[in-house]
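Residues per chain, in single letters:
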Number of protein chains: 2
Amino acid sequence: MKEYKVGIIGFGTVGAGVAENLLLNGDVIAKRTGVLPKLTGIADLDITTDRGVKVPDGILTTDAAKVIRESDIVVELVGGTTIAKKFILDALNAGKSVVTANKALLAHYGEELFAAAEKTGADIFYEASVAGGIPIIKALREGLVSNRINKIFGIMNGTCNYILTRMEREGTDFAAVLADAQKLGYAEANPSLDIDGFDTAHKTAILASLAYGKWFGIDAVYVEGIRELELADIVCADELGYRIKLLGIIKNENGKVQMRVHPTLIPKEALLANINDVFNGVMVEGDTVGQTLFYGRGAGRKATASAVVADITDAALNLDSNSRCRVAGFTPGELFDCQIPEEEISSRYYLRMQVKDCPGVIAQITQILASRSISISSLIQHERSHRNGEVSLVLLTHPALEKEILAALSEIAVLSVNSSPVKLLRIEDI
Amino acid sequence: MKEYKVGIIGFGTVGAGVAENLLLNGDVIAKRTGVLPKLTGIADLDITTDRGVKVPDGILTTDAAKVIRESDIVVELVGGTTIAKKFILDALNAGKSVVTANKALLAHYGEELFAAAEKTGADIFYEASVAGGIPIIKALREGLVSNRINKIFGIMNGTCNYILTRMEREGTDFAAVLADAQKLGYAEANPSLDIDGFDTAHKTAILASLAYGKWFGIDAVYVEGIRELELADIVCADELGYRIKLLGIIKNENGKVQMRVHPTLIPKEALLANINDVFNGVMVEGDTVGQTLFYGRGAGRKATASAVVADITDAALNLDSNSRCRVAGFTPGELFDCQIPEEEISSRYYLRMQVKDCPGVIAQITQILASRSISISSLIQHERSHRNGEVSLVLLTHPALEKEILAALSEIAVLSVNSSPVKLLRIEDI
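Only a predicted model underlies this, so the values are computations on that prediction, with no experimental measurement involved.

**A closer look at the sheet that holds strand S5 (residues 97–100) of chain A**
All names here are of chain A.
- Here we have six strands laid out as an open sheet, ordered S3-S2-S1-S4-S5-S6, and parallel in their pairing. Each end of this open sheet is capped by a strand with a single partner; those strands are strand S3 (60–61) and strand S6 (124–125).
- Across four bridges, the pairing between strand S1 (residues 2–9) and strand S4 (residues 73–76) is parallel. Each bridged residue has a counterpart across the sheet, and for Ile 9 the counterpart in S4 is Glu 76.
- Seen against the sheet, helix H1 (residues 13–33) touches S1 and strand S2 (35–43) and runs at an angle of roughly 165° to S2.
- Against the sheet, helix H11 (residues 301–320) touches S1, S2, S4, S5 and S6, its axis set at about 160° to S4.

This is the structure:
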């Protein structure tokens, strides 16, 4: 039984989970694989706080450089894009295998990190950076390696999915659910990274890059979060047979790649629509395998540790069989590198507007849409939503170009019958 | 770019799909991994029938031995447990890497094949043997390697899931749907392997062995198929909030392993209950990751090819990095090898019986259950199901020992109020 020394930098929630998993289940890993990843060092600025895991004496230190120096496999769990980057580069430059869960760092600086890994022939693994405990990166890179990827739809932020699930179940509005989620620890005090969609965008950028062999980076992703979502939208969507989820969407249509993150109406009977609470799910459609879906916990101490320790084991197996970079951290293949701007995409749309309850309103609005070849698939206007002489009008469209929709909305905005900005959401008939 | 020679034995549906996938997407694999698996030989007794794929001249042959001799990676797609076994052993003995989709062969003779592989240090991969295109074996062995596996629930037979889905949707009985499925090609002329649960049992045996590090073999699995399932059961389950699926069930409770295949009531809101038609889904619950689920097509030319070609690529990567058996075909670890017999399991039960519509009937039946500490969680008896002075009585129980349930049913069987055998199904509150 060959042992490999594992050093963790960052002894927070996930770091403690990884330490615990290595200590509790190291024997399982050894029996299954023939290698034992052994916890030999943990670095953190704070080594006095109790993390709920009893680690062997003498392995806690404030000296990250020492942990890097003395480990075979360095696990970066500091987070952020500054000092974490330095630790990873130091480890890679020293030829150490690296495991990280840092999606922001990868989305922003992936290419630089992979270049450093390549220079010294070191491994870099990052399964936990997307969808926590779900082995989606291994699935995409290895299990589905023979597929051209047509589409990926991912619910990849547990905080947003928890908020949307509660809004729908309880009929409570966004602000109230967010406040409660913060109280319960499901949302951060500063929730922007989650609810404004950036966290999902990081993960979307990573999956798109793996699918298409080009490290697109975070700026390539169009992002809308769930902050502006109103309960009325969830209720209307429900009535029309849809549920609203924050999706990371990746599509390749005729070699043109789109990457976007936004609240999306999906049919209630779709499996993705039934992924609730803090759970994550990623649907991958390949040209050979067809539709697949991967589901599990996207965050949390234990689930994230499961993915990190799987990576540690992969790194140890590579060291043991002298096959580092057997599957490289990232291989640029540029299968499809032509990106399509958001306004050029085609989608189905949900439009909700407050209009005056008087003759000719629907005629004026539908005329504008018709003039741009935007076809309506359903329309609802309820008497009961009457308010100040206004009614709520909801339209679903057939597929249309986004730029045509935006142009139509500009025309609708200046109509005298329309009293507030039109709410636009996109629909995916998964 | 290093090329590896791939030889296929068995040019049927899946063989043609694998050939097609290698020819169409070889470039994608090469870009992603740096190795090119190159189709160099195909052996079949019939090399004249058009399989819908144009293969390079000169690679079709009736000489399987030649294909084994001239390939780096031998792909066995003959099926069955006789000549297929010989081909695999010949290839392993010659030190060739082997890829197979043959669940029956593995379930029956896995240990012998793994021993042969170990002797020559050859690789043997079998992702396509369970749940077709879903990379569940890779997930279980690598992605979830750091988990002790508590439970696995799998919908792993597309034919059965198709039949059950249609029975429920259309309110049609088993025989009619089966006949139609046979006409449409979703069920074999001799459907026993699928509908009597044996195919699911093969897959259950393979997953259990991987989860617990002991090659249990097929005889260790308790098996009931869906042949005896009546529409009335599906309707009653629906009324009680459940859907019936043929599940492969693997559980470890306190180190005791149960493996069983039977129609199972699961709550309608469970993700598994929403996997319909020919699709498969496998839920794995690990001690660290919690619940995960993997979904996709479990059969068919293309989906199965996706898994086979992923294995071929893994084999090629191992050859390329000189790391054969980096993850061995099977590593006996005997994490939990104590198997629990079916009558010792504890479960919740669904009991449906035809009883006389007269005073004291429910009292007699519930008294028998109570005397064996079997507690009832719901009970329905409808006026409308009245027939020949009989009514249909459906009981759901709280968890009880199977042997107590069976003993109670023997007592109920001889009651004068009971007119036909009690229908017993098991419930899993996933």
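**Comments concerning the interface of chain A and chain B**
- Taken together, the contact pairs 55 residues of chain A with 55 residues of chain B.
- Taken together, both faces of the contact between chain A and chain B bury some 4,900 Å²; the carbon and sulfur share is 54%.
- Our count for the contact surface shared by chain A and chain B stands at six salt bridges.
- Between Glu 142 of chain A and Lys 138 of chain B there is a salt bridge, with its nearest N and O atoms 2.7 Å apart.
- When contributions to the side of chain A that touches chain B are tallied by element, the ones reaching two or more residues are H1, helix H5 (136–143), helix H9 (198–212), strand S12 (290–297) and H11 of chain A.
- Partitioning the side of chain A that touches chain B into residue classes produces 23 nonpolar, 20 polar and 12 charged.
- Both S12 of chain A and strand S12 (residues 290–297) of chain B contribute to a ladder of three bridges, which runs antiparallel. Residue pairing in the sheet places Phe 294 of chain A in a bridge with Phe 294 of chain B of S12 of chain B.

**What about the sheet that holds strand S2 (residues 35–43) of chain B?**
All names here are of chain B.
- Spatial ordering of the open sheet is given by S3-S2-S1-S4-S5-S6, a layout of six strands whose pairing is parallel. Every other strand in the sheet has two partners, leaving strand S3 (60–61) and strand S6 (124–125) as the edge strands with one partner each.
- Strand direction decides the pairing type here: strand S4 (residues 73–76) and strand S5 (residues 97–100), joined by four bridges, are parallel. Within S5, the position partnered with Val 74 by the bridge is Val 98.
- In this fold helix H11 (residues 301–320) packs onto strand S1 (2–9), S2, S4, S5 and S6, with an angle of close to 160° to the strand it touches most, S4.

**Quick word on the packing of helix H4 (residues 103–120) of chain A against H9 of chain A**
All names here are of chain A.
- Where H4 contacts H9, the two axes come as close as 9 Å, and the packing angle between them is 55°. The angle between H4 and H9 places the two elements in the oblique class. As for the relative orientation of H4 and H9, their crossing is left-handed in sense. Contact residues: H4 offers Lys 103, Ala 104, Leu 106, Ala 107 and His 108, while H9 offers Asp 199, His 202, Lys 203, Ala 205 and Ile 206.

Reading guide: rules and limits
Residues numbered from 1 in each chain as written. Chains lettered and ligands numbered in written order. Predicted model: local features only at pLDDT ≥ 70, side-chain atom pairs only at ≥ 80, totals over all residues. Heavy atoms only, no water. Pairing = 2+ DSSP bridges. Helix = DSSP H or I, 4+ residues; strand = E, 2+ residues; numbered from the N terminus. Contact = heavy atoms within 4.5 Å. Axes fitted to C-alpha atoms, helices over the stretch in contact; angles between N-to-C directions. Buried area = accessible area lost by both parts, 1.4 Å probe. Salt bridge = Lys/Arg side-chain N within 4 Å of Asp/Glu carboxyl O. Nonpolar A, V, L, I, M, F, W, Y, C, P; charged D, E, K, R; others polar. Parallel < 35°, antiparallel > 145°, perpendicular 65-115°, else oblique. Left-handed = near helix turned anticlockwise from the far one by under 90°.

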